[in-house]
Protein chains: 2
Amino acid sequence: MADLNHRITLARRPVGPVGPECFATDDVPIPSPGPGEVLVAVRWLSIDPTIRGWMAMDTYLPAIPIGDPVRSVGLGEVIESNVDAIPVGATVFGLTGWQQYAVLDATATVLPDGIDPTAALSVFGVTGLTAYFGLLDLGRPQPGETVVVSGAAGATGSVVGQIARIKGCRVIGIAGTAEKCAWLVDELGFDAAINYRTDDVSARLGELCPHGLDVFFDNVGGDILEAALDHLAMRARVVLCGAISRYNDEAPRPGPRNLMNLVVQRGRMEGFIVMDYMGRADEAMADLVTWVLDGSVKFAVDVVEGLDNAPVALDRLFSGANRGKVMVRL
Amino acid sequence: MADLNHRITLARRPVGPVGPECFATDDVPIPSPGPGEVLVAVRWLSIDPTIRGWMAMDTYLPAIPIGDPVRSVGLGEVIESNVDAIPVGATVFGLTGWQQYAVLDATATVLPDGIDPTAALSVFGVTGLTAYFGLLDLGRPQPGETVVVSGAAGATGSVVGQIARIKGCRVIGIAGTAEKCAWLVDELGFDAAINYRTDDVSARLGELCPHGLDVFFDNVGGDILEAALDHLAMRARVVLCGAISRYNDEAPRPGPRNLMNLVVQRGRMEGFIVMDYMGRADEAMADLVTWVLDGSVKFAVDVVEGLDNAPVALDRLFSGANRGKVMVRL
């Protein structure tokens, strides 16, 4: 198989949960890079909730065509280069897709020396930028404010909470197991955590935020968003990052009953896509590198072995099995 | 009855539609103004959707106590004054409530000469300020953008649309009768109008806003909010002013299914309460007076005669019977 490119392709668009029927595999000739392109041997894949959206329909990017490799951020080694600035042997990341070999163009980002691939695909990658810009640009937390984050044990949420703590906020995480909640408080320095599978989220938020929450960073949507909207402080900011609780719905389900709390509390709810911030990545990276090096931001990775297990890795996000960033090592 | 104060009081908090059982009347002695207070003979009442909220529960103001006159902005003549700056004979407005006589304190606003009471309670009153600050401060319309307003034939919506037109926007109104729609386009200069009782609002918005809407100013909520969220342009602003379609619900109903469009389109949804802008009223008034005098903003009033008809006047808002500002003349 050395001269074939093994791929996991999109066989069927998901309706409801993403099952094995959505995927196929094939082996095709290894592509040749054209002028201005490089050939990459893929080593790592970043597994993100947005992949399900790309599989299902046009969103902020066109839907993945049926038969194409599943679109995914990945990281690999350049084995053939027609780009002067990207030598053979460099480690680059870009939209490699779920395959062994990918052709990227000159916009592929070269990974600086000394950055671990797991950090590059998590806290120093899209996940870290999402946490950084979503929290700071949209949430604008002020010292002494209360920040609540859902999906708090996930790749983005765990970094959001730690940045909020660095900014002098009280931080409450919402996660799905007692172990995750303990990890948030004991290891990551969250002030409190709520287990949404066993606690009444709205009631607990009422106890933990008697004066309301100033920032809600939402990765989950659905009932948890509604619970948070029950407890907005005056001029609260709700950052809509994602709604993983809803991505597997067969049809859109109704939203929160209490949007009028945005009026009463003069609240703001705002969505964003991290791609828009790529031009400002250096700004985030300067802080994130500092914080990781001085230990004030910790990151966790959830590594799944083998390209053929990429669908399993994706499922870990939706079942809530992961703690930290899900990635596949090829 | 000359020396009694006839009042319409809150008998019962509304659950569902506001019916006659929610009100009682009584006649009590005319109050005496204390130091720093004035006694006002009420001439006009401003009838606003928010009154239902004040009747039902604590919102941004405490709920009206049972047995108290229904809280309401009103306008009247000062007949006794213990405030140097407010002479007997002045016309003032403030929270008079639904009664013939009210005691106001020195913060009551004196109406300048030459302002008609109907204008003072609509385009130059809370309604005008709501339209002005909600649209300009939160909606931030830019020339050439598309602005959609619901409740467009109401007191606030009709002014929102006209200000948006002055700011160089394309303006689409949503209203509930063919007559209202014709009035918006023919008299107020809206570019188009949608009749929500006969049209498929989302489909019509798709036709009228092929590139999406940049600002949605919402007075209505519910299905109309959901329809608007289907058609957000990139970085659209949704201004939550009210949700009159929902105020009479017995229990909160689910919200829009498509909040994730705020993420995909990087949209913002924000609520506000006009009280917060009272310190900037002069800013709005300078523009609104200019626009009314030069004819670029027209305002309509829907006058109901007699204090005892105040409940009927309130009902006109919820049935959608009114065009423009509902007020009661005593």
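**Q** Please give an account of the overall build of chain A that cites residues and values.
**A** On a plain count of helices and strands, chain A comes out with ten helices and 15 strands. Radius of gyration (C-alpha) of chain A: 20 Å, near the 20 Å computed for a compact globule of 330 residues. The principal-axis extent of the C-alpha atoms belonging to chain A is close to 60 × 45 × 35 Å. Burial analysis of chain A (330 residues in total) assigns 51% to the buried set. Counting contacts in chain A only where the partners sit at least 6 residues apart, residues at least 24 apart contribute 65% of the total.

**Q** Give a detailed account of the sheet that holds strand S11 (residues 213–218) of chain A, specifying residues and quantitative values.
**A** An order of S10(A)-S9(A)-S8(A)-S11(A)-S12(A)-S13(A)-S13(B)-S12(B)-S11(B)-S8(B)-S9(B)-S10(B) is seen for the twelve strands of this open sheet, with the pairing classed as mixed. Each of the sheet's edge strands pairs with one partner strand only, and the pair in question is strand S10 (192–195) of chain A together with strand S10 (192–195) of chain B. Averaged over all adjacent pairs, the angle separating strand axes in this sheet is 15 degrees, with direction ignored. When S11(A) meets strand S12 (residues 232–240) of chain A, the two strands line up parallel, connected through five bridges. Its bridge partner lying in S12(A), A:Phe217 is registered against A:Val239. Helix H6 (residues 201–208) of chain A rests against strand S8 (146–150), strand S9 (170–175), S10 and S11 of chain A of the sheet, and its axis sits at about 165 degrees to S10(A).

**Q** So what's going on with the domain arrangement of chain A? Residues and values would help.
**A** Residue and element names in this part refer to chain A. By domain assignment, chain A separates into domain 1 (4–121 + 299–329) and domain 2 (126–275). Taken over C-alpha atoms, the centre of domain 1 sits 28 Å from the centre of domain 2. Counting from both sides, the interface comprises 18 residues of domain 1 and, opposite them, 16 residues of domain 2. For the side of domain 1 that touches domain 2, the secondary structure elements donating two or more residues are helix H1 (50–56) and helix H10 (310–319). Of the residues in the side of domain 1 that touches domain 2, the class split is nine nonpolar, six polar and three charged.

**Q** Break down the relation of the copies chain B and chain A for me, citing the residues and quoting the values.
**A** By a simple turn and slide, chain B fits onto chain A: the slide is 0.0 Å along the axis, the RMSD is 0.0 Å, and the turn is 180 degrees. Here the copies are linked by what is in effect a two-fold axis. Relative to the rotation axis, the closest C-alpha in chain B is found at B:Gly255, a distance of 2.1 Å. The fraction of interface residues of chain B whose copies in chain A are also interface residues reaches 96%, indicating that both copies meet through the same surface.

**Q** Describe the environment of B:Arg140, naming the residues involved and giving the relevant values.
**A** Take B:Arg140: it is sitting in the loop between helix H3 (126–139) and strand S8 (146–150). Between the C-alpha atom of B:Arg140 and that of B:Val215, which follows or precedes it by 75 residues, the distance is 7.9 Å.

**Q** Go over the nonpolar core, please, and point to the residues and values.
**A** Formed by 208 residues in total, the largest nonpolar core has its most connected members in A:Ile47 and B:Ile47. The contacts of A:Ile47, once residues within four sequence positions are left out, are A:Ala310, A:Ala313, A:Leu314, A:Leu317, A:Val326, A:Met327 and A:Val328.

**Q** Before we move on, could you go through helix H5 (residues 178–186) of chain B and cite the residues and values that matter?
**A** Residue and element names in this part refer to chain B. Burial in H5 covers these residues: Lys 180, Cys 181, Trp 183 and Leu 184. Projection of H5 onto a plane perpendicular to its axis shows the buried side chains occupying an angular sector of 160 degrees, all on one side. The exposed set on the far side of H5, more than 90 degrees from its buried face, consists of Ala 178, Glu 179 and Asp 186. Tucked into the core, H5 has its buried residues touching helix H4 (155–166), strand S9 (170–175) and S10.

**Q** Account for the pairing of strand S4 (residues 74–81) of chain B, with residues named and values stated.
**A** Residues and elements named next belong to chain B. As paired strands, strand S3 (residues 37–46) and S4 are joined by seven bridges and run antiparallel to one another. By the bridge assignment, Leu 45 is partnered in S4 with Gly 74. One ladder, built from four bridges, connects S4 with strand S5 (residues 91–94); its direction is antiparallel. By the bridge assignment, Gly 76 is partnered in S5 with Val 92.

**Q** Give a description of the packing of helix H3 (residues 126–139) of chain A against helix H9 (residues 281–293) of chain A that names residues and reports values.
**A** All names here are of chain A. At their nearest, the axes of H3 and H9 sit 10 Å apart, and the two run at 95 degrees to each other. Our classification of the angle between H3 and H9 gives roughly perpendicular. Across the interface between the two elements, Gly 128, Leu 129, Tyr 132 and Phe 133 of H3 pack against Ala 281, Ala 284, Asp 287 and Leu 288 of H9. Among the residues making up the contact of H3 with H9, the classes are represented as six nonpolar, one polar and one charged.

**Q** So what's going on with the interface of chain B and chain A? Which residues, and what values?
**A** Tallying the contact residues gives 26 residues for chain B and 25 residues for chain A. Elements that contribute at least two residues to the side of chain B that touches chain A include exactly helix H8 (261–264) and strand S13 (268–271) of chain B. Per-element accounting of the side of chain B that touches chain A gives the leading share, four residues, to S13(B).

**Q** Can you break down the environment of A:Val70 residue by residue, with the values?
**A** Residues and elements named next belong to chain A. Residue placement: Val 70 occurs in the loop between H1 and strand S4 (74–81). When the C-alpha atoms of Val 70 and Phe 23 are compared, they prove to be 8.5 Å apart, with 47 residues separating the residues in sequence. With sequence-adjacent residues up to four places away left out, Val 70 is seen in contact with Ile 8, Thr 9, Leu 10, Ile 51, Met 55, Ile 64, Gly 97 and Trp 98.

The rules behind each value
- Residues numbered from 1 in each chain as written.
- Chains lettered and ligands numbered in written order.
- Predicted model: local features only at pLDDT ≥ 70, side-chain atom pairs only at ≥ 80, totals over all residues.
- Helix = DSSP H or I, 4+ residues; strand = E, 2+ residues; numbered from the N terminus.
- Rg over C-alpha atoms; globule rule 2.2 N^0.38 Å.
- Buried ≥ 20, exposed ≤ 12 C-beta atoms within 10 Å, placed from the backbone.
- Contact = placed C-beta atoms within 7 Å.
- Pairing = 2+ DSSP bridges.
- Axes fitted to C-alpha atoms, helices over the stretch in contact; angles between N-to-C directions.
- Domains from an automatic or database assignment.
- Nonpolar A, V, L, I, M, F, W, Y, C, P; charged D, E, K, R; others polar.
- Least-squares fit on C-alpha atoms with pLDDT ≥ 70 in both.
- Core = buried A, V, L, I, M, F, W, Y, C linked by C-beta atoms within 7 Å.
- Arc of directions from axis to C-beta.
- Parallel < 35°, antiparallel > 145°, perpendicular 65-115°, else oblique.

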